[in-house]
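Topology and contacts: notes
Chain residues, written in single-letter form:
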Amino acid sequence: MTTTAVGFDQVSKSYGDVRAVDGLTLALHPGETVALLGPNGAGKSTTLDLLLGLKRPDSGTIRLFGTDPREAIVAGRVGAMLQSGGLMSEVTVAEVVRLACDLHPRPYSVPEVFARAGITQLADRKVDKLSGGQAQRVRFALATAGDSDLIVLDEPTTGMDVTTRQAFWATMREQADQGRTVLFATHYLEEADAIADRVLVLHRGRLLADGTAAEIKAKAGARRISFDLPDGPVDEAALRALPFLTTLDVSGRTVRLQSSDADATVHSLYGLGLYPRNLEVAGLGLEQAFVAITTAEEARTS
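To start, this report covers the structure provided alongside it.

Conventions we followed
Here the residue index of a chain counts from 1 through its sequence in written order. It should be noted that, the model being predicted, local features are given only for residues of pLDDT at least 70 and side-chain atom pairs only at 80 or more, the latter also being counted only at that level, while totals for whole chains, interfaces and linings use all residues. Based on all heavy atoms of the structure, the side-chain values leave hydrogens and waters out of the count. Joining through side-chain atoms within 4.5 Å is the link that ties buried Ala, Val, Leu, Ile, Met, Phe, Trp, Tyr and Cys residues into a set, and such a set is a nonpolar core. Residue exposure (1.4 Å probe, protein chains only): buried if accessible area is under 20% of the type maximum, exposed if over 50%, otherwise partly exposed. Strands are runs of DSSP state E lasting at least 2 residues, helices are runs of H or I lasting at least 4, and numbering of each runs from the N terminus. Whether two residues touch is decided by their heavy atoms; if any such pair falls within 4.5 Å, the residues are in contact. For two strands to be treated as a pair, DSSP must find no fewer than two bridges joining them. Whether a crossover is right-handed depends on one test, that the path from the first strand over the helix to the second runs clockwise when the strands point away from the viewer. Only protein atoms enter the 1 Å grid used here, on which a cavity is any set of points holding a 1.4 Å probe that cannot leave and a pocket is any open set flanked by protein within 12 Å on both sides along at least five of seven lines; residues with an atom within 4 Å of a point are listed as lining. Grid points are joined across faces, edges and corners, and a volume is the space filled by probe spheres set on the points. All amino acids are sorted into three groups, where Ala, Val, Leu, Ile, Met, Phe, Trp, Tyr, Cys and Pro are nonpolar, Asp, Glu, Lys and Arg are charged, and the leftover types, Gly among them, are polar. Interaxial angle, 0 to 180 degrees, is taken between N-to-C directions of lines fitted to C-alpha atoms, where a helix line uses only the stretch in contact.

Bringing the nonpolar core into the picture now. Counting residues in each nonpolar core, the largest one holds 48 residues, and the members touching the most others are Val93, Val97 and Ile119. With six residues, the top contributor of residues to this core is helix H3 (residues 93-103). If we ignore the near neighbours within four places in the chain, the residues touching Ile119 are Val93, Val97, Phe114, Arg137, Val138 and Ala141. Core analysis: the next-biggest nonpolar cluster, separate from the first, contains 27 residues, Leu28, Leu36, Leu52 and Leu150 among them.

Among the five residues of strand E6 (residues 150-154), five are classified as buried, and the element is accordingly described as predominantly covered. Note: strand E5 (residues 78-81) against E6, four bridges, orientation parallel. Note that in E6 the partner of Gly79 across the bridge is Ile151. Between E6 and its parallel partner strand E7 (residues 181-185), the chain crosses via helix H6 (residues 162-177), and the hand of that crossover is right-handed.

Below, the discussion takes up empty space enclosed by the protein. Tallied over the full model, the rule gives one cavity of 30 Å³ or more. Approximately 60 Å³ is the volume found for the largest cavity. At the level of elements, strand E1 (6-15), strand E2 (18-28) and helix H1 (44-51) are the ones that each hand at least two residues to the lining of the largest cavity. Counted by class, the lining of the largest cavity contains ten nonpolar, one polar and no charged residues.

Right, let's get into the sheet that holds strand E13 (residues 277-283). If you walk across this open sheet you meet the four strands as E11-E12-E10-E13, and the pairing is antiparallel. Two strands close off the open sheet at either side, each with one partner strand: strand E11 (245-251) and E13. Between one strand axis and the next, the sheet turns through 15 degrees on average, direction left out of account. Judged from the five bridges that link them, strand E10 (residues 223-228) and E13 form a sheet pairing that is antiparallel. Bridge pairing in E13 links Arg224 to Ala282. Packing of helix H10 (residues 262-271) onto the sheet brings it into contact with E10, strand E12 (254-259) and E13, and relative to E10 it is tilted by some 25 degrees.

Here it is, written out as structure tokens:
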């Protein structure tokens, strides 16, 4: 029995002159909840398409549970919730969920799927009459219609309200606790920070960072500094000359900046003869770390 749920080995995929995935190597394991992050055009959707056998790589190999992706999918080991592709129209939610259960090699009962996705009250509703958030919950029901070992989610909570999002992620955590691998791409970085055991950062088809959210934040190597200045003119030029400064934002008398050496920056701040009030120094959040890592890569490769 293999201990690797997903394996990419030097996988590349191009569209003309555009290298969407560039030598990607990674391994995901049973029971992991993994967030896939990256700016637009980073290769997230292509990576998921390759994983699901919807596209073939130009080079490299992909294995799901030790087999070809299409074999794993036919065997019912993978459930997927994708942004692309619509739901069937002129059918009810109950009809489309029942079809998904009938087609899965290891199906759950329809009532169980309804309850897990929180769509019991939508059973008789026509699919094309659903709101955006309701349609997302139906897509989730289709992805979890059977006992799959890997669940792949592409921007799963788009259109969901806060309460529904919280319930959704509680359900996904239960899936991971039962030994399933959950891989999700998201633009909601706070979700990745709160939910994922592991975070993958893609940029131009390459893996820039792979670790826990805390490790990704540490990799950015910067800290946030904020303070209020006393009355008097604000000398932005002097602030921009502070050592190890990476970003600066001045709003009224409140200054927010990022520094790759917070101790040195604060020391120099006092050296300017400034006496900041309400001084706070903290690590970057995942969103700031993500921006720092991808911005640094853009500067390196431009």
